[in-house]
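Results of the structural survey
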Amino acid sequence: MPPVNIAVAGAGVIGRAHIAVIAQSSQCRLSAIADPSEAAQALAQTHGVPWFATLDQLLTTASPDGVILATPNALHVPQALQCIAAGVPVLVEKPIAHTVADAQKLVQATQAHQAKVLIGHHRAHSPIMREAKAVIDDGRLGQLVSVVGSAMFYKPDDYFTQAPWRREAGGGPILINLIHEIHNLRMLCGEIAQVQAMTSNAVRGFAVEDTASITFRFASGVLASFMLSDTAASARSWEQTSQENKAYASYDDEDCYVIAGTMGSLSVPTMRLKTYAKAEDRSWFKPYDISTVALQREDPLRLQMDHFIRVIQGLDAPLVSAHDGLQNLRVVEAIAQAAASQQTVRLSEA
Ligand SMILES: NC(=O)c1ccc[n+]([C@@H]2O[C@H](COP(=O)([O-])OP(=O)(O)OC[C@H]3O[C@@H](n4cnc5c(N)ncnc54)[C@H](O)[C@@H]3O)[C@@H](O)[C@H]2O)c1
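An unreviewed UniProt entry lists the chain under the name Oxidoreductase, from Limnohabitans curvus.

And the structure:
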């Protein structure tokens, strides 16, 4: 099969990461870049591909097989709608949109046009998530009961001086970081029905939260407790434990999730499994069978690209649909609302 032509709109931090993955792939090639910046124009020259100041020009001139949208959040939906109108499959970076109302527009257009839309929650493609989900789905943990999760890390102080908007409402870890965790939790435990949250800015003292404690109730009845902080000097985050992004310091003895069921528990991503062999063995006085789930580590961004190619070719349905993107955004907004109101917020489907 000839390589699939993929164009990238938005050649900033994550756009360049996608371009690097495309450059390593034998199944696809970079066909064009759309980004008004001079840096992007220079990058297009380096890769020997056409450069366009706008996505509109790219779509009418370059006829790509697929487009990756790695542009600022507010552009995701209008640009995805342009791709749908042009009949071009699109990978939209997370979050799907900057508002739920905008995300709903994209979900409706995706359904109306039977469009190929993949949302860039790339951890969904991680072998860690695949194996954790397999352990749950094959019943090794029994009936799921509870999850303890964390995303605790220390963002360097210059992160806040370089971009002062990060100190203001909306610039904190709930809106910036949590959406990745929400997709992981939904993948593992199903739909989230209710949330409660408490936030604190006691350490950094900015208008925005630096720490949040969140409680989830899933539609299945599973409860999860999640601690989020960008000012806790702890390794208990996906970034620092998964070993998937070499930019972060890495600790192979720490976990970010513990998933517990009626027959056992799985710690992620060390993949340590503690289970009872038989239902009648279950007692806190008796030892568990202890094992480690085998894991072949692979770069989820690369696996996401392979999947996007299969979506373009009509071989796979999007693993992370526009509807997933909308639900993830809804949960994040519900958490922000729960923290502000100190009320339990219920989520509706659809
Ligand atoms: N999946 C992940 O882990 C991950 C990581 C980082 C960022 N992101 C997401 O990717 C998106 C981009 O983030 P970033 O950190 O790369 O931002 P960035 O600011 O580094 O890059 C954005 C790029 O878009 C370009 N741009 C602006 N307007 C444009 C337009 N009209 N058409 C085309 N290009 C335009 C800018 O010139 C810039 O180069 C955001 O939605 C962000 O949430 C996802």
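Some points on the pattern of salt bridges
Enumeration over the complete set of coordinates arrives at 15 salt bridges. For the salt bridge of Glu-191 with Arg-186, the shortest nitrogen-to-oxygen distance reads 2.7 Å. Glu-254 is paired through a salt bridge with Arg-236; the nearest N and O atoms lie 3.0 Å apart. On the criterion of sequence distance, the pair formed by Glu-254 in the loop between α10 (238-241) and β11 (257-261) and Arg-236 in the loop between β10 (223-229) and α10 is long-range, its members being 18 residues apart. Connected through salt bridges with shared partners, the residues Arg-123, Glu-181 and Glu-239 form a single ionic network.

Observations concerning the nonpolar core
Here is a general trend for soluble globular proteins: nonpolar side chains tend to be buried in one another's company. Ile-6, Val-195, Phe-216 and Ile-335 are the most contacted members of the largest nonpolar core, which totals 99 residues. By residue number, the principal contributor to this core is helix α12 (residues 322-341), which donates 9 residues. The residue makeup of this core includes at least three contributed by each of domain 1 (4-115) and domain 2 (124-298 + 330-346).

A short note on helix α11 (residues 300-312)
With 13 residues, α11 should reach 18 Å at 1.5 Å per residue; the first-to-last C-alpha distance of 18 Å fits that figure. Taking burial as the measure, the 13 residues of α11 include 11 buried ones, the bulk of the element. Among all positions in α11, only Pro-300, Leu-301, Leu-303, Gln-304, Met-305, Asp-306, His-307, Phe-308, Ile-309, Val-311 and Ile-312 are buried. Where α11 begins, one side-chain oxygen reaches toward the backbone nitrogen of Leu-301, 2.9 Å away; that side chain belongs to Asp-299.

Analysis parameters
Residues numbered from 1 in each chain as written. Predicted model: local features only at pLDDT ≥ 70, side-chain atom pairs only at ≥ 80, totals over all residues. Heavy atoms only, no water. Salt bridge = Lys/Arg side-chain N within 4 Å of Asp/Glu carboxyl O. Helix = DSSP H or I, 4+ residues; strand = E, 2+ residues; numbered from the N terminus. Core = buried A, V, L, I, M, F, W, Y, C linked by side-chain atoms within 4.5 Å. Buried < 20%, exposed > 50% of the residue type's maximum accessible area, 1.4 Å probe, protein only. Domains from an automatic or database assignment. Expected span 1.5 Å × (residues − 1). Polar contact = N/O pair within 3.5 Å; in protein donor to acceptor, adjacent residues only side chain to side chain.

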